[in-house]
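The chain contents come next:
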Amino acid sequence: MNADMIAAWAVENGFHAIDSRNYRRHDNTGVITIEIKRMSFLLIDERQGLRPRLVSRLFKDISLTSGSGRLQGLLLDRNPNH
């Protein structure tokens, strides 16, 4: 994966570009922000009444073949008990 692939995935999944490296999506449970860094990205999951959940991954740790699935998995893994 690389920064362009993360950005494209974000747009395809309802995130709005704040700028070229930051994407945000609002839903009924809260706000999710993706910050794209030089070699990694940071996902910030902010739900009402809960502490923000931070998930950081290096691009090299997400394979091209399963990249979009793994990104989707980070969103689906929004356990309200964390």
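Residues numbered from 1 in each chain as written. Predicted model: local features only at pLDDT ≥ 70, side-chain atom pairs only at ≥ 80, totals over all residues. Heavy atoms only, no water.

Enquirer: Outline the packing of aromatic side chains, listing residues and values.
Expert: For any pair of aromatic rings, geometry is given as the distance between the ring centres together with the angle between the planes. Per the stated rule, a full pass over the model turns up one aromatic pair. Between the aromatic rings of Trp 9 and Phe 15, the centroid separation amounts to 5.9 Å while the plane-to-plane angle is 40 degrees, which identifies the pairing as tilted. In terms of burial, Trp 9 and Phe 15 fall into one category: buried. (Phe/Tyr/Trp six-rings, centres within 6.5 Å; stacked < 30°, edge-to-face > 60°. Buried < 20%, exposed > 50% of the residue type's maximum accessible area, 1.4 Å probe, protein only.)

Enquirer: Lay out the sheet that holds strand E3 (residues 30-36) with the relevant residues and their values.
Expert: Strand order in the open sheet formed by five strands is E1-E2-E3-E4-E5, with antiparallel pairing between adjacent strands. Edge positions in the sheet fall to strand E1 (16-19) and strand E5 (53-58), since each has one partner strand and no second. Direction aside, the axes of adjacent strands within the sheet are offset by 20 degrees on average. As judged from the three bridges shared by E1 and strand E2 (residues 22-27), these two strands associate in the antiparallel manner. Each bridged residue has a counterpart across the sheet, and for Asp 19 the counterpart in E2 is Asn 22. (Pairing = 2+ DSSP bridges. Helix = DSSP H or I, 4+ residues; strand = E, 2+ residues; numbered from the N terminus. Axes fitted to C-alpha atoms, helices over the stretch in contact; angles between N-to-C directions.)

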